[in-house]
Amino acid sequence: MSAHIGVTGLAVMGANLARNLARNGFTVALHNRSVEKTDALLEKHGTDGDFVRTETLQELVDSLEKPRRVLIMVKAGAPVDAVIEQLTPLLEPGDIVIDAGNSHYEDTRRREAALAAKDLHFVGIGVSGGEEGALNGPSIMPGGSKESYDALGPLLEKISAHVDGKPCCAWIGTDGAGHFVKMVHNGIEYADMQVIGEAFDLLRSGAGIEPAEQSKIFAEWNTGELSSFLIEISAEVLGHVDAKTGKPFVDVIVDAAGQKGTGRWTVISALELGSPVSGIAESVFARALSSQAEQRKIAQEVLAGEEIAVEIPANFVEDVRQALYASKLVSYAQGLDMLTSAAKEYGWDLKLDEIASLWRGGCIIRAELLKEITNAYAAEEKPANLLFAPAFTKAIADVLPAWRRVVATAVQLGIPVPVFSSSLAYYDGLRRKRLAAAVIQGQRDLFGAHTYGRVDAEGTFHTLWSEDKSEVEAVDTH
Ligand code: 6PG
């Protein structure tokens with residue numbers, strides 16, 4: 001019996017994807033560098049479906065139907081290249097190599113080009129949903145050639161999460177598009193997590209609401225327009241009591257947020273694209289600041305607070321909910337706008353409605369809101385920015401007063417809300433008729449003859465600052 005797909009790398013994510021494939025009726029050939037892992041998987045979960053045990057990559061390749069599909073699930077970076085190097089000489093033109101790890105999209109672009117030169121398909125797929133998702137239905141973002149998706153897509157769609165009967169998996173675009181979209185998913189994930197943290201801090205430090213009570217508030221929020229996986233698990237985390245001390249669990253966790261790097265990648269890429277993902281960036285920086293333990297210790301001793309006593313408004317909880325909604329929406333808007341910029345840069349035809357739709361289930365940022373986001377981009381007339389879709393223009397207008405009140409209150413109380421406030425600044429920046437950028441252009445022209453445009457004339461100009469301050473037409477040098 002030849003297998004439909006091979007999986008090499010059987011740590012938890014690889015093992016769970018293999019089991020998910022087998023449970024969905026596919027015959028899965030298994031390979032791992034040390035055969036013990038393969039045997040352990042077969043012993044524990046061999047009854048999940050049809051598996052083929054292999055000991056070498058050659059055996060793995062020989063066990064597959066053609067075109068062969070080989071899914072690599074090893075640590076991102078050099079280990080992926082090492083497996084590709086061993087694997088490719090064993091393959092034939094038309095075979096498909098799949099990298100399901102959290103690889104950087106530039107690596108995926110490089111690998112795709114290298115394998116295409118050997119007439120092999122290379123498919124970088126973003127997989128979200130953690131271990132649980134991998135086993136029971138993740139959100140899947142595959143890149144690579146359309147041809148390879150025809151051979152691989154049906155398998156991936158079958159094992160993915162489904163919402164309203166639709167798979168949370170669709171072809172994203174060529175070469176690194178899948179991994180790029182997964183990276184931006186993680187950027188949005190960072191911002192989403194941070195805004196929830198900011199809401200918690202405001203409710204605790206501003207309104208004195210204890211974690212147990214907040215757990216109920218979050219559970220309540222999870223029944224409405226904020227309904228999402230991250231709100232749901234936040235309710236669980238906040239309701240949890242530490243067994244050792246009897247204190248709220250959240251009070252015994254060290255408040256220094258870790259990061260594996262995908263949020264940082266999003267911001268680096270956004271900077272290169274000139275894409276203003278300020279909320280995502282602030283959420284990465286907030287994690288970095290939280291981890292500066294030494295400086296935070298000193299700052300608590302030497303830096304003044306001078307907080308301004310303010311009356312907490314009666315409906316503060318609802319205000320915070322609305323501010324959270326608005327900030328979350330901006331994070332999605334920024335992430336999706338970044339995808340639009342990347343599509344132009346890399347020649348990808350990214351379908352934002354399909355991307356929003358496949359984020360509706362299985363992934364970490366799955367949320368009720370994504371249904372409406374999908375609809376916004378499925379409309380005949382695509383909005384240039386998510387916030388311009390009529391449904392969201394209205395939604396933000398409704399919550400704007402609360403959003404402003406919450407940010408103002410936070411500032412007065414000295415509670416840092418970098419994503420709430422930067423998202424509001426983004427919103428105001430977009431809609432403001434005149435921006436301070438005009439001053440910057442004047443400064444640049446003065447110190448560096450960098451030139452400027454005029455509101456009342458075409459062309460590029462320079463003022464002779466050190467002469468008679470007359471204006472000349474200039475060649476634009478930026
Ligand atoms: C997912 C997650 C997953 C992982 C993050 C955690 O979509 O399933 O994003 O990829 O949990 O990489 O990232 P940090 O360690 O950077 O928070």
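This structure is a prediction, so every number in the text was calculated from the model and none was measured.

Visitor: Please explain the UniProt feature "domain: 6-phosphogluconate dehydrogenase C-terminal" (unreviewed entry) in the protein as it appears in this structure.
Guide: Feature annotation in UniProt assigns "domain: 6-phosphogluconate dehydrogenase C-terminal" (unreviewed entry) to the following positions: residues 178–466. Note that residues 178–466 is 65% helix and 3% strand, and that its end C-alpha atoms are spaced 52 Å apart.

Visitor: Please clarify how the sheet that holds strand β12 (residues 471–473) should be interpreted in this entry.
Guide: Strands pair in a sheet through their backbones, by hydrogen bonds, and they do so in one of two ways: parallel or antiparallel. Read across the sheet, three strands follow the order β10-β11-β12 without closing on themselves; strand pairing throughout is antiparallel. What marks the edges here is a single partner per strand, and that holds for β10 (452–454) and β12. Mean inter-strand twist for the sheet, computed between neighbouring axes without regard to direction, equals 50°. Two elements, β10 and strand β11 (residues 457–463), share two bridges in a ladder whose sense is antiparallel. The partner of Y452 across the bridge, within β11, is F461.

Visitor: Would you take a moment to explain the site of the ligand for this structure?
Guide: Close to the ligand lie 14 residues, the nearest being S128, E189, Y190, K260 and R287. Here S128 contributes a side-chain N or O atom positioned 2.4 Å from an oxygen atom of the ligand. In this structure, an oxygen atom belonging to the ligand sits 2.9 Å away from a main-chain N or O atom of G129. Taking 410 Å² as the accessible area of the ligand by itself, protein coverage stands at 81%. Per-element tally for the shell around the ligand: the top contributor is helix α8 (residues 177–206), with five residues. Taken together, the residues of the shell around the ligand break down into two nonpolar, eight polar and four charged.

Visitor: It is not clear to me how the pairing of strand β5 (residues 96–99) should be interpreted in this structure. Could you clarify?
Guide: Side chains on a regular strand alternate between the two faces of the sheet. Residues I96 and I98 point to one face of β5 and V97 and D99 to the other, with burial holding for every one of them. Sheet topology note: the strand β4 (residues 69–72)/β5 ladder contains four bridges and is parallel. Paired with L71 across the bridge in β5 is I98. For the crossover from β4 across helix α4 (residues 78–87) to β5, the handedness is right-handed. As defined by bridge partners, β5 adjoins strand β6 (residues 121–128) across four bridges and the pair is classed as parallel. Residue pairing in the sheet places I96 in a bridge with H121 of β6. A crossover connection joins β5 to the parallel β6 through helix α5 (residues 105–116); in handedness this β-α-β unit is right-handed.

Visitor: Would you explain the UniProt feature "active site" (unreviewed entry) in the protein in this entry?
Guide: As annotated in UniProt, the feature "active site" (unreviewed entry) corresponds to K182 and E189 in the numbering used here. Structurally, the position occupied by K182 is in helix α8. Apart from the residues within four sequence positions on either side, K182 is in contact with N102, G126, V127, S128 and M141. By the secondary structure assignment, E189 is in helix α8. If we skip the residues at most four places from it in the chain, E189 touches L230, I364 and I365.

Visitor: What am I meant to see in the sheet that holds strand β2 (residues 28–31) here?
Guide: Reading across the sheet, the seven strands line up as β3-β2-β1-β4-β5-β6-β7 and stay open at both edges, with mixed pairing between neighbours. Only two strands of the sheet have a single neighbouring strand rather than two, namely β3 (51–53) and β7 (139–142). Averaged over all pairs of adjacent strands, the angle between strand axes in this sheet comes to 25°, irrespective of strand direction. Pairing geometry for strand β1 (residues 5–8) and β2, over four bridges, is parallel. The residue of β2 that forms the bridge with I5 is V28.

Calculation criteria
- Residues numbered from 1 in each chain as written.
- Predicted model: local features only at pLDDT ≥ 70, side-chain atom pairs only at ≥ 80, totals over all residues.
- Heavy atoms only, no water.
- UniProt positions renumbered as here; feature names shortened; annotations may be inferred.
- Helix = DSSP H or I, 4+ residues; strand = E, 2+ residues; numbered from the N terminus.
- Pairing = 2+ DSSP bridges.
- Axes fitted to C-alpha atoms, helices over the stretch in contact; angles between N-to-C directions.
- Near = heavy atom within 4 Å.
- Polar contact = N/O pair within 3.5 Å; in protein donor to acceptor, adjacent residues only side chain to side chain.
- Areas by Shrake-Rupley, 256 points an atom, 1.4 Å probe, with all protein chains shown as cover.
- Nonpolar A, V, L, I, M, F, W, Y, C, P; charged D, E, K, R; others polar.
- Buried < 20%, exposed > 50% of the residue type's maximum accessible area, 1.4 Å probe, protein only.
- Right-handed = clockwise from strand over helix to strand, strands pointing away.
- Contact = heavy atoms within 4.5 Å.

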